[in-house]
Structure formats: C-alpha cells, structure tokens
Amino acid sequence: MKKITGAQAFIEALRCEGVTHAFGYPGGAVLDIFDAIMDARDIQFILSRHEQGAVHAADGYARASGRVGVCLVTSGPGATNTVTGIATAYMDSIPIVVFTGQVPTHLIGNDAFQEADIVGITRPCTKHNYLVKDVCDLGRAIKEAFYIARTGRPGPVLVDLPKNVMNSTVNFKYPESVNLDSYCPTYKGHQGQIRRIMGVILKSRRPVIYAGGGVTLADASRELAEFARKLKLPVTTTLMGMGAFPSGDPLSLGMLGMHGTYAANMTVTNSDCLIAIGARFDDRVTGKVDEFAPKAKIIHIDIDPTSISKNVKVDLPVVGDCRMVLRGMLAELAGKDGDLAEMIAQTEPWRREIDAWKEQQPLRYCRSEIIKPQYVIEMIDEIAPDDTIVTTEVGQNQMWTAQFYKFKEPRHFLTSGGLGTMGYGFPAAIGAQAAFPGRTVIDIAGDGSIQMNIQELATVVQYNLPVKVMILNNGYLGMVRQWQALFYKKRYSHTSMAVSPDFVKLAEAYGAKGLRVTRPEDVKDAIQEALRIPGPVFVDFVVDPEEDVYPMVPAGAPINNMLLV
Amino acid sequence: MRHAISVYVDNQAGVLSRVVGLFSGRGFNIESLSVAPTLDPAKSLMVITTTGNEQVLEQIKKQLNKLINVIKVVDCADREYVEREMILVKIKAEKETRAEVLRIADIFRAKVIDVSPKSYTLSLTGDKRKLEGFVEILTPIGIIDFVRTGTVVMAREMQGRRKLP
C-alpha cells in the first residue's frame, strides 16, 4: 500500500462516498486539501463568496437530489460562518457533511491564528461532529460522518480537520463498514402497533393525514399518495411536506398552521383521527397546543423517538421509516375490503364538509393596479416547467409561495422551515442547480432576504448556473412589518428597507441579467423572458408594499382562530 | 419527581459536554452528576439525578439515547437500586462542642478525616436523605463548609421481594 497524505486520503474518501460536488471556500488551514482538490477532476468544486452560501448550497443540493451535500471551509471565521447553515440543515433534518479546517493539533487551545473551537460551537446544532486528531482516524471519521448524516433522521455532521493531520502521511484504506454500537435507527415499525393504528383509522369517521418533511426525506410520497387515495383520506402538509402529496389532488388541503388554509385548519380541529406522518408538531403548525386537534386520536409515525409526545401527547406512536411503515399499513388492508368500503362510505359526509370549507374560504387575494406578490407566484407556477425546483427565502415570500405555487412532486420546493433562515434561498438554488444543470431553478425572494447572501451572484455567474431570482420587492421586511401592523399598532420599527440597491444594475454589475417589472400586465412576459435567457437572471417585481399574508393565526392562538382576508 | 438515570457513554473527550449541553440546551435540570470509567475502560458511566414530570423524563431519556456517544440509558425508577453519595463537612469544634460533634458523627457513622484545634472534617456516605439529615443536625453547631459528590446508584442484585424459604 502506497503512503498518501491526509489531504489525498480525504479526496479518496469523498470518492468512495460517491461525492461529485462540493461547495466551499479556501483558507490557510485547508491549503493542503485544496491543493489535492485541484487534481480531483471528478469532483466539481464550487467556490461560493461566503461560507454561509457554501453550506446552504450543499443543503440545497441535498434537498433537491436526496444525496449528501458536502461543504469544505477553512478554520476560524470560515468555520464559524457555516454555523447558520448547519443549524438550518439541523432543524430541517438535511444530510450534509461540513468539513472545516483546524489549526495544527499542537496549537489547539492556544488561541492560534484563525482558531475556533468549532466542534464545541456546533455540538448543539449538528447530529454529530468529529475532531480528527490522528490521520489514522481520518477514514473512519469520514465514513461515520456520511453514514450518520444520511441514516435514521438525517442531519448535518461536521468533521474538523487540523492542518498537520492533513499533511501527514498514512497507509490509507477507506473502511468498508461502520461499527457504531450505540447508533442503530429503527426503520421497521412495530407490526402490532401498525395493526392497531389501522384498526383505529378504519373505525374513524373524521380522519385526516398531516404529512411533514419526513415523508420527503424517506422518499415515501408515492406510498403516501397510494394510502391516502385508497382510504380517501384528506391530506394536509406542513411547509416541509409541500410536494410530498400533490397539491392538485382533490384530497389535498394545502398547508396547515399559522398561514395554512382555512380548510386544513378546520379539518384538523374537527378531526377524530389525526395521522401525523414524518411531522413534528411545530408551534407554527399547532398554534395553541392544548386546542390542537382536540377531538382526535393522535397517531404519529416518525423515525425519531424524541419527536413523539414532545409537544403533543400521542395516543398511538409508531417509530420507523415513513415509507416502510406506510407499506406496512397498506399491507394491513389485505383482506379488509369490507371494512375499507364501510369506512369510505362512513367518511363521505366528512369529505363533503371539508369540500364546503374549501369552497367557503379558498386562498385568495384582491387584484389591483399594483402588482400583487401572489399573482407573481401564480404566474411563475403557470409558466415554469413541471420539473422546476423552487427555493424561497424566509418571510412573506416563503408563505405566499407555499400557498400559491402548486407543488406536485417532492424535492421541488426547498425552503428553510425550522430555523427560518433569511438568505437561504439563493445559495440553496445554486446547490439545486449544480445537482440538476438541465432543470429550471427559481428562487422566490424578498428584497430584504435576497440581500443577506447577494454576494453569491458572483458564484452563479462564474459557474454559469442559470438560477432565476424573482424578487418580490415591497420595500419592507414584509412579514415583520405585517406583525407590526397587526400587533404593534403599525409602528414600523426598522422594517422599512429605505435604501436598497438597484437590483437590475446590481445583477448587471456582476455580469448577470436584470429585469424590472412595475405593472401587472408585464408580469407574464417578464417571467417568460427570464426563463428564456440562458444565464442567471434577477427579476425585480415592484409589488404592493402593504400586502399581507392571509389567513393568519395569531401566535399562541388555536389554529381554527384565523384572520381571513 | 426526583429521578436517577444511569447513562453509559463512550469514554471520549467531549462526551460529557454533549450530555451536559443537551440538558442546558433543552432546559432540563441536573441536580447532581457523577462520571467515572466503568469496568470496561472504553466506557464511562454517568449518573445523573434530575427532576421533572413524566413527560420531561421521557424526553430526557429519549434525547440522551439519541446522542451518538450514548450507549445505554437506564432509568433507575424501573428497578430496585441502592444509592449513595458522600459528603465532607468542615465543622467548628471548639471546647464546648468538640464532644458533641463526635457524638453526632458516631450516631451517623461518619468518620473524622481531619482535625485542627478549632475544627473537625467529617466524611459520611449514605443516601441523599441521610446526608441532608446530617447537615441539618450539624448546622446549629456551625458548619464552616461542606462538599458533596453526586449520587451513584447500582441496581440490586435480587430484584423484587425476597421470598423466605
């Protein structure tokens, strides 16, 4: 066996993991690795303009493709700049591995130049992390990092690589398997429990499925659709679950919770059997927890035991992989055609009630002379190809997208759900575009959010990633302004973006294309034009500055207590 | 409700910080903590006493199990167990109280481990209640300082009521 350096071993390990793309930023502590990367032509490296952009890009790559996203940055500030991105991935259970440089082992703890205890800093926001102190441990650490990131409930893993470890030599052999006694996620749900929940579901009269991001992560959307259609169960999804069940399906209720649809919130509140699948009863979903689904028996399917009965007391839990459990549930239907027909007949009035809610209070907005942001999103949905990947920033742009873009497939909608990270959408779009160069990737942004990682314009131009950024420019931090309007007597404290750049000129300054739209009648043409242009485009839609997101459930109120348009 | 939880972990740097960070980050309470290597030197045992309702305790156990370096979590409430902790008490012992202090020490089966003309240092092991009783009795005499270990627990070998032949 030939001796190679730690840096070369690192590249070899990435190859063994099938890594084809990495996002990052060089620096002193990772010079050896970057030197080795120059020879690794099979791994496409994308240089971001800020480390946060690199992590979000790795995250977007992972969400869009289902593969593990990889990020490589230097020590100290390079490492600390990744923290927001790591926390974002952690909250949404996204598999990424972040490699950070570190000062040489003999300097650790000495306050050396560009030293930060990144393992200490990221302990609470990673699924696990490693400091590799000996080059002999490098292969095992990387193998475990990828394994932990993508298995069980996925999540980010950080591996800290001191400089001297990477330039020392080793007889390298990448381990073939991992040996982790203390880590064995449960995939297969308990058979007896699955039988019990099917018994409860078949006897229910007002059932509803509440599906979350876990369905997408487990690639279980086909099974979910089969299950829901077979039992004629209405389905509401969380923000993270958008696309896990097709929006256009007659059984779809859209999103639930704070900005959920009237029908979804009413259905959940009046249900006698709530089937939570890969969802975690987030406060933005439940509103006032004591009054969430108060009449329902609560069934909860989740791969993470800690999610069960964390916020809401669960009557019938099943710990397991959503796809495997749904298959088990479908299998339980064998020979129960009579029960099934009976249940479908008995739940017919419930579905009619739900249809009436849908009809009474659909999502809507008032047209006007000024461009309405909702209209822009509807038009993007109408014009963009079916396989388009949409990312969003955080705030009104995100909620309107979730409400008005009809997602039909999983992994088509990438958004920071749990952490709510402004500045996520643009770099995430970079990651998605890198994974799928042939598909349309659109970031629906606000004028506030886009400025949080706008430096990545240089990245899209450099790598000719034809990301389309649709800025809903209302001159405000709109969601915060909305809360100020509703709950703080319209005292708009520091939410006016009084000075913003000219986004068209800015895009042009970076070598991208910029378009501006000020009239509703020009919206369609502008979107078509943006999609026709082969490279990256910024479209600045000057929209109604006072438009709010409705329905809205005030924080802490029960979810059937909605402010409607 | 007070609860003792035994947590078997990998004997590695940083593991204590993961466990303690979990408690502080999620707002769980640690009343006492003791950590030491086990019979298998690759593993350490942490005994954590904590308080909380049933739901909180359930979360604590599940969250601990979720940590990659945690091998096993044992809730002592599920079994019969014996528990001990130790206290060292430095107490004023001047002419009129010297004999009294020794008498109390004798009653509790505490040991004198350091002597000075004006004080004794006593050591005592027992369960939490015994130690608290000891402190309560000594307080009027004048405790200069005390230091306590965390609780350690061990499951009883013979579980359940012993059947007499």
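Residues numbered from 1 in each chain as written. Chains lettered and ligands numbered in written order. Predicted model: local features only at pLDDT ≥ 70, side-chain atom pairs only at ≥ 80, totals over all residues. Heavy atoms only, no water.

S.K.: An account of the overall build of chain A is needed here, citing residue identities and associated values.
M.R.: Helix and strand counts for chain A come out as 23 helices and 20 strands. Relative to a compact globule of 565 residues, whose C-alpha radius of gyration would be 24 Å, chain A shows 24 Å and is just as compact. Considering chain A as a whole, with its 565 residues, one finds that 61% of them fall into the buried category. Partitioning the contacts of chain A with sequence separation of at least 6, the portion at a separation of at least 24 is 77%. Put simply, chain A shows about 21500 Å² of open surface, and 51% of that area lies on carbon and sulfur atoms. Here chain A carries 57 positive and 61 negative side-chain charges, and the mean point of each set is 4 Å from the other. (Helix = DSSP H or I, 4+ residues; strand = E, 2+ residues; numbered from the N terminus. Rg over C-alpha atoms; globule rule 2.2 N^0.38 Å. Buried < 20%, exposed > 50% of the residue type's maximum accessible area, 1.4 Å probe, protein only. Contact = heavy atoms within 4.5 Å. Areas by Shrake-Rupley, 256 points an atom, 1.4 Å probe, with all protein chains shown as cover. Lys, Arg positive; Asp, Glu negative; His and termini not counted. Charge placed at Lys NZ, Arg CZ, Asp CG, Glu CD.)

S.K.: I'd like a rundown of the packing of helix 17 (residues 373-383) of chain A against helix 18 (residues 396-404) of chain A, residues and numbers included.
M.R.: All names here are of chain A. Two elements in contact, helix 17 and helix 18, have axes whose closest approach is 9 Å; the angle formed by their N-to-C orientations is 50 degrees. By the criterion of interaxial angle, the relationship of helix 17 to helix 18 is oblique. Viewed along their axes, helix 17 and helix 18 form a crossing whose handedness is right-handed. Where helix 17 abuts helix 18, its residues Pro-373, Gln-374, Ile-377, Glu-378 and Asp-381 lie against Asn-397, Trp-400, Thr-401 and Phe-404. Among the residues forming the contact of helix 17 with helix 18, the class breakdown is 4 nonpolar, 3 polar and 2 charged. (Axes fitted to C-alpha atoms, helices over the stretch in contact; angles between N-to-C directions. Parallel < 35°, antiparallel > 145°, perpendicular 65-115°, else oblique. Left-handed = near helix turned anticlockwise from the far one by under 90°. Nonpolar A, V, L, I, M, F, W, Y, C, P; charged D, E, K, R; others polar.)

S.K.: A description of the interface of chain A and chain B should follow, citing residues and the corresponding values.
M.R.: Facing the 15 residues of chain A at the interface are 12 residues of chain B. Between chain A and chain B the total buried area reaches about 1300 Å² when both faces are included, carbon and sulfur atoms providing 48% of it. Ranking the residues of chain A by area buried against chain B places Arg-123, Ser-182 and Thr-306 of chain A at the top, with a combined share of 44%. Where chain A touches chain B, the interface holds 1 salt bridge. A salt bridge links Lys-66 of chain B to Asp-304 of chain A; the nearest nitrogen and oxygen atoms lie 2.7 Å apart. Where chain A meets chain B, there are 10 residue pairs in polar contact (both at pLDDT 80 or more). (Buried area = accessible area lost by both parts, 1.4 Å probe. Salt bridge = Lys/Arg side-chain N within 4 Å of Asp/Glu carboxyl O. Polar contact = N/O pair within 3.5 Å; in protein donor to acceptor, adjacent residues only side chain to side chain.)

S.K.: Describe the layout of surface pockets, listing the residues and the values that go with them.
M.R.: Empty space among the atoms can be located by rolling a probe the size of a water molecule over them. Its volume calculated, the second largest pocket comes out at about 1200 Å³. Residue assignment for the lining of the second largest pocket shows that the elements contributing at least two residues are helix 5 (83-91) of chain A together with helix 1 (15-25) and helix 2 (54-66) of chain B. Counting residues per element, the lining of the second largest pocket draws most heavily on helix 1 of chain B, which supplies 5 residues. (1 Å grid on protein atoms, 1.4 Å probe; cavity = no way out; pocket = protein on both sides within 12 Å on 5 of 7 lines; lining within 4 Å. Points joined across faces, edges and corners; volume = space filled by probe spheres on them.)

S.K.: Please give an account of the pattern of salt bridges that cites residues and values.
M.R.: Residue and element names in this part refer to chain A. A complete count under the given rule lists 42 salt bridges over all chains for this structure. Across the pair Lys-163 and Asp-32 runs a salt bridge, and its minimum N-O distance is 3.3 Å. Of this pair, Lys-163 sits in helix 8 (residues 163-167) while Asp-32 sits in helix 2 (residues 31-37), placing them 131 residues apart in sequence. Judged by its relative accessible area of 25%, Lys-163 is partly exposed. Between Glu-332 and Arg-195 there is a salt bridge, with the nearest N and O atoms lying 3.5 Å from each other. Within this pair, whereas Glu-332 is found in the loop between helix 14 (322-331) and helix 15 (337-346), its partner Arg-195 is found in helix 9 (residues 191-203), the two being separated by 137 residues in sequence. Residue classification places Arg-195 among the partly exposed residues on the basis of a relative accessible area of 47%.

S.K.: Residue-level account of the packing of aromatic side chains, with values.
M.R.: As enumerated under the stated definition, the model contains 18 aromatic pairs over all chains in all. The interplanar angle of 80 degrees and the centroid separation of 5.5 Å between the aromatic rings of Tyr-365 of chain A and Phe-404 of chain A together place this pair among those described as edge-to-face. Highlighted residues: Tyr-365 of chain A in the loop between helix 16 (348-360) and helix 17 and Phe-404 of chain A in helix 18, separated in sequence by 39 residues. Each member of the pair, Tyr-365 of chain A as well as Phe-404 of chain A, carries the same accessibility label: buried. Look at Trp-483 of chain A and Phe-487 of chain A: their rings are 5.5 Å apart centre to centre, the planes differ by 70 degrees, and that puts the pair in the edge-to-face class. Linking Trp-483 of chain A with Phe-487 of chain A, this pair stays in helix 21 (residues 478-487), spanning 4 residues, or about one helical turn. Here the basic side chain of Lys-72 of chain B rests over the ring of Tyr-8 of chain B, its NZ or CZ set 5.1 Å away from the ring centre. Across from the ring centre of Tyr-120 of chain B, 4.6 Å away, lies the NZ or CZ of Arg-98 of chain B, which sits over that ring. (Phe/Tyr/Trp six-rings, centres within 6.5 Å; stacked < 30°, edge-to-face > 60°. Lys NZ or Arg CZ within 6 Å of the ring centre and 35° of its normal.)

S.K.: Describe helix 12 (residues 262-270) of chain A, naming the residues involved and giving the relevant values.
M.R.: Across the 9 residues that make up helix 12 of chain A, a large majority, 9, are buried. Every buried residue belonging to helix 12 of chain A is among Tyr-262, Ala-263, Ala-264, Asn-265, Met-266, Thr-267, Val-268, Thr-269 and Asn-270 of chain A, and all of these are buried.

S.K.: Give me the lowdown on the pairing of strand 3 (residues 44-47) of chain A, citing residues and values where you can.
M.R.: All names here are of chain A. Relative to strand 3, strand 2 (residues 21-24) is paired through 4 bridges, and the arrangement is parallel. When the sheet's bridge partners are listed, Gly-24 is paired in strand 3 with Leu-47. A crossover links strand 2 with its parallel partner strand 3, the connecting element being helix 2, and its sense is right-handed. (Pairing = 2+ DSSP bridges. Right-handed = clockwise from strand over helix to strand, strands pointing away.)

S.K.: If you had to explain the nonpolar core to someone new, which residues and values would you point to?
M.R.: All names here are of chain A. Phe-23, Ile-96, Phe-426, Ile-450, Val-469 and Phe-538 are the most contacted members of the largest nonpolar core, which has 46 residues in total. The contacts of Val-469, once residues within four sequence positions are left out, are Phe-426, Asp-443, Ala-445, Ile-450, Val-537, Phe-538 and Val-539. Membership of the second largest hydrophobic core comes to 43 residues, among which are Leu-14, Leu-161, Phe-172 and Tyr-183. (Core = buried A, V, L, I, M, F, W, Y, C linked by side-chain atoms within 4.5 Å.)

S.K.: Pulling in residues and values, what's your account of the sheet that holds strand 1 (residues 2-10) of chain B?
M.R.: Each strand in a sheet pairs with its neighbour through backbone hydrogen bonds, running either in the same direction (parallel) or in the opposite one (antiparallel). Residue and element names in this part refer to chain B. The strand order across the open sheet built from 4 strands is 2-3-1-4, with neighbouring strands paired in antiparallel fashion. Of all strands in the sheet, those bounded by a partner on one side alone are strand 2 (32-37) and strand 4 (70-75). Averaged over all neighbouring strand pairs, the angle between strand axes comes to 15 degrees, with direction disregarded. Where strand 2 lies against strand 3 (residues 43-51), 6 bridges are found, and the strand directions are antiparallel. Across the sheet, the residue bridging to Ser-34 is Val-47, located in strand 3.

S.K.: Break down the side chain of Thr-50 of chain B for me, citing the residues and quoting the values.
M.R.: Residues and elements named next belong to chain B. Within the fold, Thr-50 resides in strand 3. What makes Thr-50 buried here is its relative accessible area of 0%. For Thr-50, the side chain forms a polar contact with the main-chain oxygen of Asn-29, separated by 2.5 Å. With sequence-adjacent residues up to four places away left out, Thr-50 is seen in contact with Met-1, Arg-2, His-3, Ile-5, Phe-23, Asn-29, Glu-31, Leu-57 and Ile-60.

S.K.: Before we move on, could you go through the pairing of strand 6 (residues 128-131) of chain A and cite the residues and values that matter?
M.R.: Side-chain direction in a regular strand flips from residue to residue, so the side chains alternate between the two faces of the sheet. Residue and element names in this part refer to chain A. Pairing between strand 6 and strand 7 (residues 157-162): 4 bridges, direction parallel. Residue Tyr-130 lies in a different strand from strand 7, and its bridge partner there is Val-159. In the classification by handedness, the crossover that spans strand 6, the intervening helix 7 (residues 138-150) and the parallel strand 7 is right-handed.

S.K.: Account for unusual backbone geometry, with residues named and values stated.
M.R.: Residues and elements named next belong to chain A. In this model, Tyr-550 is joined to Pro-551 through a cis peptide bond whose omega is 0 degrees. Looking at the secondary structure, you find Pro-551 in the segment after strand 20 (537-542). Phi is positive for Gln-114, which is not a glycine, with a value near 55 degrees. We note that His-494 has phi near 55 degrees; this positive angle belongs to a residue other than glycine. Among the secondary structure elements, His-494 is positioned in the loop between helix 21 and helix 22 (503-510). The exposure class assigned to His-494 is exposed, which follows from its relative accessible area of 75%.

S.K.: Describe in detail the confidence of the model for chain B, supporting the description with residues and values.
M.R.: The pLDDT averaged across chain B works out to 93; a share of 97% of its residues lies at or above 70. Interface confidence for the predicted complex, given as ipTM, is 0.90, next to a pTM of 0.95. (pLDDT = per-residue confidence, 0-100.)

S.K.: An account of the sheet that holds strand 3 of chain A is requested, with residue identities and associated values reported.
M.R.: Residues and elements named next belong to chain A. The strand order 3-2-4-5-7-6 describes an open sheet built from 6 strands, whose pairing is parallel. Two strands lie at the open edges of the sheet, namely strand 3 and strand 6, each paired on one side alone. Sheet twist, expressed as the average angle between the axes of neighbouring strands with direction ignored, equals 20 degrees. Pairing between strand 2 and strand 4 (residues 69-73): 2 bridges, direction parallel. Residue pairing in the sheet places Phe-23 in a bridge with Cys-71 of strand 4.

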